[in-house]
Amino acid sequence: MKQEVLEMGDIIEQSPLGTFQKVVMFFCALVIVFDGFDVLAIAFAAPAISEALQIEKSELGFVFSAGLAGMMIGALILGPIGDKYGRRNAVIGSVFIFGLCTLLTGFVETYDELLVLRFITGLGLGGAMPNVTALITEYVSTKHRNLAVAVIFLGMPIGGITGGLLAGQLIPMFGWSSLFYVGGLMPVILAFVLLIWLPESPRFLVEHASDNDDLLRKIARKIDSNEVVSDTSVFAHHIEEEKHFSVKALFLEGRARDTLLLWSVFFFNLMVAYFLYSWIPTLLVQAGYDLSQATITVVVLNIGGAVAPFVFSRLVRVIGTKALLSSCFVLGGVSMIAVGQLGSSINLVMLLSFFAGFFIVGGQVSLNALSSYMYPTHIRSTGVGWALGVGRAGSIIGPLVAGALVTASFGLNINFIVFGGLCFITAAASFLIRNHEKKSI
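Here is a short report on the structure shown in this document. Computed from a prediction, not measured in an experiment: that's the story for all the values here.

Structural notes on the overall build of the chain
Here is step 1: Of the regular secondary structure elements, the chain holds 15 helices and two strands.
Here is step 2: Computed over the C-alpha atoms, the radius of gyration of the chain is 21 Å, within 12% of the 22 Å expected from 2.2 N^0.38 for a compact globule of 441 residues.
Here is step 3: By principal-axis analysis of the C-alpha atoms, the chain measures approximately 80 × 45 × 35 Å.
Here is step 4: A burial count over the chain gives 60% of its 441 residues as buried.
Here is step 5: Across the chain, the fraction of contacts at a sequence separation of at least 24, relative to all contacts at a separation of at least 6, is 84%.
Here is step 6: Of the accessible surface of the chain, which amounts to about 16700 Å², a share of 66% is contributed by carbon and sulfur atoms.

Structure, rendered in structure tokens:
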């Protein structure tokens, strides 16, 4: 019997967004929910930890940055590992690492223990994001890519919002450790669920082995139940071993300029985003607001970040990513500066925090989608991972700079002027990228 040779890419591109793909999307979103919760748990608990462990507020910057340093290294290492050994394995391992270490953080008794555990937690947090991004974008068609990324990264603000709401309830009643018990146990359970239910990327399978046609046939049938895939069908494999697991490939075939610009955009935007995540509660408490108002402000920030990606996924099709992202970061800078100028009113601070989250956090989600768009399958996790890894360097520096400004007692205003100004650099670097996604309607 004559064998039918199929292209997995064609099946995915020609299929609607089906139930099977939505299930994969759901699992990816859950990973990001717990990622977002565990990233921000330290910020919500910081004032209580500072008091309980007698940590100076200026030293909290090192605690924040220890986790972010781990996230940087995790993205740089586990992103390429996902390209070599599979997105599925890298995601499950990352979730287990950050879940277990978050759980153990609830038991720390010293500053040094806190630093070490936040660093190891960061390794898992940093490895999860690039591999989840690569996995979901390889399960959907090009026209659904931005929507799929928006859906899964909705998990980040959901995790942040949930963390903020739980922090306000759990910490006063049960102490700061309780937040880490909850934030650690849930992803550990999720890791075992993923071990059973999370499938591997079909595009990854096509490029990494020629003896997995049975598995690919099952995936193809689940992606499109109307697709006639016979038991004798085989798939066109595109195995190029020398290209796999190669950071050098990010600079080949005309990609060097855009790779460096993308890294710059990630660096400055994550520097600003993690300043917001890490320091808003402490800065607002220092400015005279109570902790409940400060945590609600972070919730509002995350609501803005949750709404924006869905708006942007539509706008990308209308104006493309170049105009969208450049405008987005300019408006984010304006919002940041305005927060500092109008900080005497908590209602205005919350409103402007919403817009800061909308443009800066929402813009980061669109950046994640753009980084996936810019690189082919065999280096996609590496490309996304290294962009995030370089960005994490900015996210490490951001809290440290803010800590120095706090120590110097420059006040709320100067913090937001400094970090708002960085948004304009982000906008310029974004504008100069050549390989932007073009408008499609």
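What follows picks up the thread again.
Let's talk about the side chain of Thr259
Here is step 1: Here Thr259 is to be found in helix 11 (residues 256-286).
Here is step 2: Excluding anything up to four places from it in sequence, Thr259 contacts Leu250, Phe251 and Tyr375.

A short note on the layout of surface pockets
Here is step 1: Roughly 200 Å³ of internal volume is contained in the largest pocket.
Here is step 2: If you list the elements that add at least two residues to the lining of the largest pocket, you get helix 6 (145-153) and helix 12 (291-341).
Here is step 3: Considering every element that reaches the lining of the largest pocket, the biggest residue donor is helix 12, with four residues.
Here is step 4: Split by residue class, the lining of the largest pocket holds two nonpolar, five polar and five charged.

Structural notes on a nonpolar patch on the surface
Here is step 1: Taken together, the side chains of Phe96, Leu100, Leu104, Phe107, Tyr181, Phe192, Leu195, Ile196 and Trp197 make up a nonpolar region of the molecular surface, amounting to roughly 950 Å² of accessible area.
Here is step 2: Where the nonpolar patch is concerned, the elements lending two or more residues are helix 4 (87-105) and helix 8 (177-197).
Here is step 3: Take the nonpolar patch: its biggest share by element is five residues, from helix 8.
Here is step 4: Topologically, Leu104 is positioned in helix 4.
Here is step 5: Judged by its relative accessible area of 37%, Leu104 falls in the partly exposed class.

Here we look at unusual backbone geometry
Here is step 1: Here Gln54, not a glycine, exhibits a phi torsion of approximately 55 degrees, which is positive.
Here is step 2: Mapped onto the elements, Gln54 comes out in the loop between helix 2 (19-52) and helix 3 (60-85).
Here is step 3: The backbone of Glu253 shows a phi angle near 55 degrees, a positive value even though the residue is not glycine.
Here is step 4: Following the sequence through the fold, Glu253 ends up in the loop between strand 2 (234-235) and helix 11.
Here is step 5: The class for Glu253 is exposed, based on a relative accessible area of 61%.

Points about the packing of aromatic side chains
Here is step 1: On inspection of all chains with the given rule, the structure shows 15 aromatic pairs.
Here is step 2: Between Phe251 and Trp263, the ring centres sit 5.4 Å apart and the planes meet at 85 degrees, which makes this aromatic pair edge-to-face. With Phe251 in the loop between strand 2 and helix 11 and Trp263 in helix 11, this residue pair connects regions lying twelve residues apart in the sequence.
Here is step 3: By relative accessible area, which is 31% here, Phe251 ends up partly exposed.
Here is step 4: Using a relative accessible area of 12% as the deciding quantity, one classes Trp263 as buried.
Here is step 5: Relative to Phe359, the ring of Phe355 lies with its centre 6.5 Å away and its plane at 20 degrees, an arrangement referred to as stacked. Placement of both Phe355 and Phe359 in helix 13 (residues 346-374) is noted, with a separation of four residues, approximately one turn of the helix.
Here is step 6: Given the relative accessible area of 33%, Phe355 is considered partly exposed.
Here is step 7: Since its relative accessible area comes to 13%, Phe359 is described here as buried.
Here is step 8: A network of ring pairs unites the aromatic residues Phe312, Phe354, Phe355, Phe358 and Phe359 as a single cluster.
Here is step 9: We note Lys322 situated over the ring of Phe431; from NZ or CZ to the ring centre the distance is 4.4 Å.

A few points about the nonpolar core
Here is step 1: By size, the foremost hydrophobic cluster in this structure holds 125 residues, and its most contacted members are Ile49, Leu179, Leu194, Phe275, Leu276, Met336 and Phe419.
Here is step 2: Among the elements that make up this core, the one with the highest residue count is helix 2 (18 residues).
Here is step 3: Setting aside residues no more than four positions away along its own chain, Leu179 makes contact with Phe37, Ala41, Phe44, Ala45, Gly163, Leu166, Ala167, Leu170 and Ile171.
Here is step 4: Formed by seven residues, the second largest nonpolar core is a distinct cluster that contains Phe312, Val316, Cys328 and Phe358.

A closer look at the pattern of salt bridges
Here is step 1: For the structure on display, the rule yields six salt bridges.
Here is step 2: With a shortest N-O distance of 3.4 Å, Arg203 and Glu13 are connected by a salt bridge. Of this pair, Arg203 sits in helix 9 (residues 202-208) while Glu13 is found in helix 1 (residues 8-14), placing the two residues 190 residues apart along the sequence.
Here is step 3: Residues Glu138 and Arg87 are paired through a salt bridge, measuring 2.6 Å at the closest nitrogen-oxygen approach. Placement of Glu138 in the loop between helix 5 (111-137) and helix 6 and of Arg87 in helix 4 is noted, with a sequence separation of 51 residues between them.
Here is step 4: Residue class for Glu138 comes out buried when judged on its relative accessible area of 0%.
Here is step 5: Look at Arg87 and you get buried, because its relative accessible area is 0%.
Here is step 6: One salt-bridge network, held together by shared partners, links Asp83, Arg87, Glu138 and Arg380.

Things to note about the packing of helix 4 against helix 8
Here is step 1: For the pair helix 4 and helix 8, interaxial distance at closest approach is 7 Å and the crossing angle is 155 degrees. Between helix 4 and helix 8, the angle falls in the class roughly antiparallel. Crossing of helix 4 against helix 8: the hand is left-handed.
Here is step 2: Its residues assigned to classes, the contact of helix 4 with helix 8 comprises 18 nonpolar, five polar and one charged.

Definitions and cut-offs
- Residues numbered from 1 in each chain as written.
- Predicted model: local features only at pLDDT ≥ 70, side-chain atom pairs only at ≥ 80, totals over all residues.
- Heavy atoms only, no water.
- Helix = DSSP H or I, 4+ residues; strand = E, 2+ residues; numbered from the N terminus.
- Rg over C-alpha atoms; globule rule 2.2 N^0.38 Å.
- Buried < 20%, exposed > 50% of the residue type's maximum accessible area, 1.4 Å probe, protein only.
- Contact = heavy atoms within 4.5 Å.
- Areas by Shrake-Rupley, 256 points an atom, 1.4 Å probe, with all protein chains shown as cover.
- 1 Å grid on protein atoms, 1.4 Å probe; cavity = no way out; pocket = protein on both sides within 12 Å on 5 of 7 lines; lining within 4 Å.
- Points joined across faces, edges and corners; volume = space filled by probe spheres on them.
- Nonpolar A, V, L, I, M, F, W, Y, C, P; charged D, E, K, R; others polar.
- Patch = residues over 30% accessible without salt bridge, like charges linked within 9 Å, V, L, I, M, F, W, Y side chains within 5 Å.
- Salt bridge = Lys/Arg side-chain N within 4 Å of Asp/Glu carboxyl O.
- Phe/Tyr/Trp six-rings, centres within 6.5 Å; stacked < 30°, edge-to-face > 60°.
- Lys NZ or Arg CZ within 6 Å of the ring centre and 35° of its normal.
- Core = buried A, V, L, I, M, F, W, Y, C linked by side-chain atoms within 4.5 Å.
- Axes fitted to C-alpha atoms, helices over the stretch in contact; angles between N-to-C directions.
- Parallel < 35°, antiparallel > 145°, perpendicular 65-115°, else oblique.
- Left-handed = near helix turned anticlockwise from the far one by under 90°.

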